[in-house]
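Single-letter residue listing:
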Amino acid sequence: MAYYVTTPIYYVNAEPHLGHAYSTMAADVLARHMRQRGEDVFFLTGTDEHGEPIELAAERAGVTPQELADRNAAKFEALLPIIDATNDFFIRTSDPRHAERVAEIMQRVYDNGWVDKGTYEGWYCPRCADFKSEREQAPERTCPIHEIPLEEVREENWFFRLSAFQAQLEGLYEERPDFVVPEVRRNEALSFIEGGLEDVSLSRPKLKWGMPLPWDPEQRMYVWFDALLNYVTALGFAREGEDLTERFWPADLHVMAKEILKFHAVIWPALLWAADLEPPKRMAIHGFLLMGEKKMSKSLGNVLDPFEAIERYGADALRFYCFREVSFGQDGAISTAGFEARYETELANDFGNLASRVLAMVDRYRDATVPPAQVDAVLAEDFEGAVERFSGLLDRAELSQALEEAWRLVRRLNRYVEETRPWELAKDEADPERLDEVLYNLAEGLRVVTLLLVPYLPQTSDRLLAALSEDSRALAELGSHPGGQRIDRLPPLFPKIETGS
Ligand SMILES: [Zn+2]
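A brief look at the structure comes next.

Rules used in this analysis
- Residues numbered from 1 in each chain as written.
- Predicted model: local features only at pLDDT ≥ 70, side-chain atom pairs only at ≥ 80, totals over all residues.
- Heavy atoms only, no water.
- Axes fitted to C-alpha atoms, helices over the stretch in contact; angles between N-to-C directions.
- Helix = DSSP H or I, 4+ residues; strand = E, 2+ residues; numbered from the N terminus.
- Left-handed = near helix turned anticlockwise from the far one by under 90°.
- Contact = heavy atoms within 4.5 Å.
- Nonpolar A, V, L, I, M, F, W, Y, C, P; charged D, E, K, R; others polar.
- Salt bridge = Lys/Arg side-chain N within 4 Å of Asp/Glu carboxyl O.
- Buried < 20%, exposed > 50% of the residue type's maximum accessible area, 1.4 Å probe, protein only.
- Pairing = 2+ DSSP bridges.
- Donors = N, O, S within 2.8 Å, 3.2 Å for Na, K, Ca; no water.
- Tetrahedral: all angles 85-135°; square planar, octahedral: opposite > 155°, others 65-115°.
- Expected span 1.5 Å × (residues − 1).
- Arc of directions from axis to C-beta.
- Phe/Tyr/Trp six-rings, centres within 6.5 Å; stacked < 30°, edge-to-face > 60°.
- Lys NZ or Arg CZ within 6 Å of the ring centre and 35° of its normal.

**Here we look at the packing of helix H13 (residues 336-366) against helix H18 (residues 432-453)**
- In contact at an axis separation of 10 Å, H13 and H18 are set at 145° when each is read in the N-to-C sense. Between H13 and H18 the crossing geometry is left-handed. Packed against H13, whose contacting residues are Phe-351, Leu-354, Ala-355, Val-358, Met-361, Val-362, Tyr-365 and Arg-366, the element H18 presents Pro-432, Leu-435, Asp-436, Leu-439, Leu-442, Ala-443, Leu-446, Val-449, Thr-450 and Leu-453 at the interface.
- Tallied by class, residues from the contact of H13 with H18 come to 15 nonpolar, one polar and two charged.

**Some words on the pattern of salt bridges**
- The final tally for this structure, using the stated rule, is 43 salt bridges.
- Between Arg-204 and Glu-52 there is a salt bridge, with the nearest N and O atoms lying 3.4 Å from each other. Here Arg-204 is found in strand S9 (residues 203-204), whereas its partner Glu-52 is found in helix H2 (residues 52-61), with 152 residues between them in sequence.
- Residue Arg-204 is classed as buried on the basis of its relative accessible area, which comes to 7%.
- Assessed through its relative accessible area of 17%, Glu-52 is described here as buried.
- Put simply, Arg-324, Glu-325, Arg-342, Glu-346, Glu-404 and Arg-411 are held in one network by salt bridges that share partners.

**What about the pairing of strand S4 (residues 115-125)?**
- Note that S4 and strand S6 (residues 151-160) share 10 bridges and pair antiparallel. Residue pairing for S6: Glu-121 is matched across the bridge by Arg-154.
- Sheet topology places S4 next to strand S5 (residues 130-131); two bridges connect them, and they run antiparallel. Considered in S5, the bridge of Tyr-124 is made with Phe-131.
- Hairpin remark: S4 followed by S5, antiparallel, with four residues in the connecting loop; positive phi at Ala-129, about 55°.

**Considering the coordination of the zinc ion**
- Ligation of the zinc ion by protein atoms is provided by Cys-125 (SG), Cys-128 (SG), Cys-143 (SG) and His-146 (ND1), these donors lying 2.1 to 2.3 Å from the ion.
- Classification of the site at the zinc ion rests on its four donor atoms, whose angles at the metal span 99 to 113°, yielding the label tetrahedral.
- Expressed as a motif, the donor residue spacing for the zinc ion is C-x2-C-x14-C-x2-H. With Cys-125 in strand S4 and Cys-143 in the loop between S5 and S6, this pair connects stretches of sequence that are 18 residues apart. Judged on exposure class, the residue Cys-125 and its partner Cys-143 are both buried.

**A short note on helix H6 (residues 183-194)**
- Over its 12 residues, H6 runs 16 Å from end to end, which matches the ideal 16 Å to within 8%, given 1.5 Å per residue.
- Arg-185, Arg-186, Ala-189, Leu-190 and Ile-193 are the residues of H6 that are buried. Down the axis of H6, the buried set is contained in an arc of 135°. They therefore lie on one face.
- For H6, the secondary structure elements touched by its buried residues are helix H5 (166-175), strand S7 (180-181), helix H10 (261-274) and strand S13 (283-286).
- Positioned one or two residues after H6, Gly-196 has a phi angle of 105°, which is positive.

**As for the sheet that holds strand S10 (residues 212-213)**
- Here three strands make up an open sheet; going across it, the order is S9-S11-S10 and the pairing antiparallel. In this open sheet, the two strands that pair with only one neighbour each are S9 and S10.
- Here S10 runs beside strand S11 (residues 216-221); their pairing, made up of two bridges, is antiparallel. Among the inter-strand pairings, Pro-212 is bridged to a residue of S11, identified as Arg-220.

**Description of the packing of aromatic side chains**
- Counted under the stated rule, the structure contains 33 aromatic pairs.
- Here the aromatic rings of Tyr-4 and Trp-249 are separated by 6.2 Å at their centres, their planes lie at 70°, and the arrangement is edge-to-face. Taken together, the residues Tyr-4 in strand S1 (residues 2-11) and Trp-249 in the loop between helix H9 (245-248) and strand S12 (253-257) connect sequence positions 245 residues apart.
- Note on Tyr-120 and Phe-159: the rings are 6.0 Å apart at their centroids and 25° apart in plane angle, and the pair reads as stacked. Of this pair, Tyr-120 sits in strand S4 while Phe-159 sits in strand S6; the two residues are 39 residues apart in sequence, bridging distant segments of the chain. Phe-159 shares its class with Tyr-120; the two are buried.
- Taken together, the ring pairs in this structure connect Trp-114, Tyr-120, Tyr-124, Phe-131, Phe-159, Phe-160, Phe-165, Tyr-222, Phe-225 and Trp-273 into an aromatic cluster.
- Between Arg-204 and the ring centre of Tyr-124, over which it is positioned, the NZ or CZ distance is 4.2 Å.
- Its guanidinium or amino end placed over the ring of Phe-263, Lys-262 lies 5.5 Å from that ring's centre, counting from NZ or CZ.

Such coordinate-based values are descriptive only and should not be taken to indicate function.
Quick look at the structure:
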């Protein structure tokens, strides 16, 4: 089955930061997991490059908007291998192949009668590139996000007839209760819709850095329309000489942060209907990672810089921490001290030590070969249904809950070591079959849990699965391998990091 997952396209007026990495890592976890389930995956990310904010930023920097876009898009693209993202394509909205397809789709929206010309009067934030209705404004007509005065605008605009889709949108939310997850964001979008939809401005006459409307080239498209359409247009040119639209549209999942909810959850489905296209199947909205902690960490300083954290601890540690510390979908505080604590207690102690112990015991007691044996009923009980539960959670984009499900198994295996005490069984070889059984179950349990953790800890999992002679990445149940495979010992998976102080 096809599985198409996207990140937002990132706006190139700023440098990439942890918030961008977070959305991309989330989409990557899902893409990797779905590949493990044998799905036909397409994973898209990219950059959003038009609009007044870019025009203004380029002016300040003394370069052309295209130069600024090129410079910053390259930084976003460079972030991907650093966080181990396995995207299939990187779209840039200044790509002429995107422009060509946007013009075609918007002409269809026009031909279908979903745009009107009118006079826009309202309040505009140039940094958001968005108009603010009365209820969206901060006191004294300022932008609540940027805290700058809004500009009063009165001009001829083309309008997208969003209000005409009110009933259809309400129907969509009723029919598909999980169209937007988590539920708090769904309710927010639905109440926005139920509050009454107004037509939205589609174009502006004064904008220079944007796409001309195909039916009125004097007007430039408001950046959100051209940006949203990337999810569809990319499929048309991501593969040379191949159109992937039939295969992957509608998208299975758009991943994004909550501040762009309205555009995706309200305007986007309506725009797609207006263009005779289907809306996406689902969107997963995450919260913000808040740097609340004032306490200095030993080595990482005060602010969690993703690049520095990766350089010292590896991308796996950052991926793990972000989904472990903050429940995906909610806002939560992160800190460098918290990062280092989880690295030590969970990655190094819980998981790293488990792996080292299991490999070392198989090596020492059974000459580096996993002895074939039966599944231990005591352990089977706790592994029963775990893979289905884990997959089910990721189907609902519950990344933190899925990780906890895997971690429950890590903790269970550690308890199993303590309960069975293989080193004592080895001293008294009166019952070698029991030691075989324990070592088999530990190696097998470690293999199963490591396969589950592949999307979160891709580099570590690769090393560990290689040490367990596991070539496949397909999800497996406890006992699905008969034993008999060779293992290799490994240096610590999560070594102690010298803090240099
Ligand atoms: Zn603003």
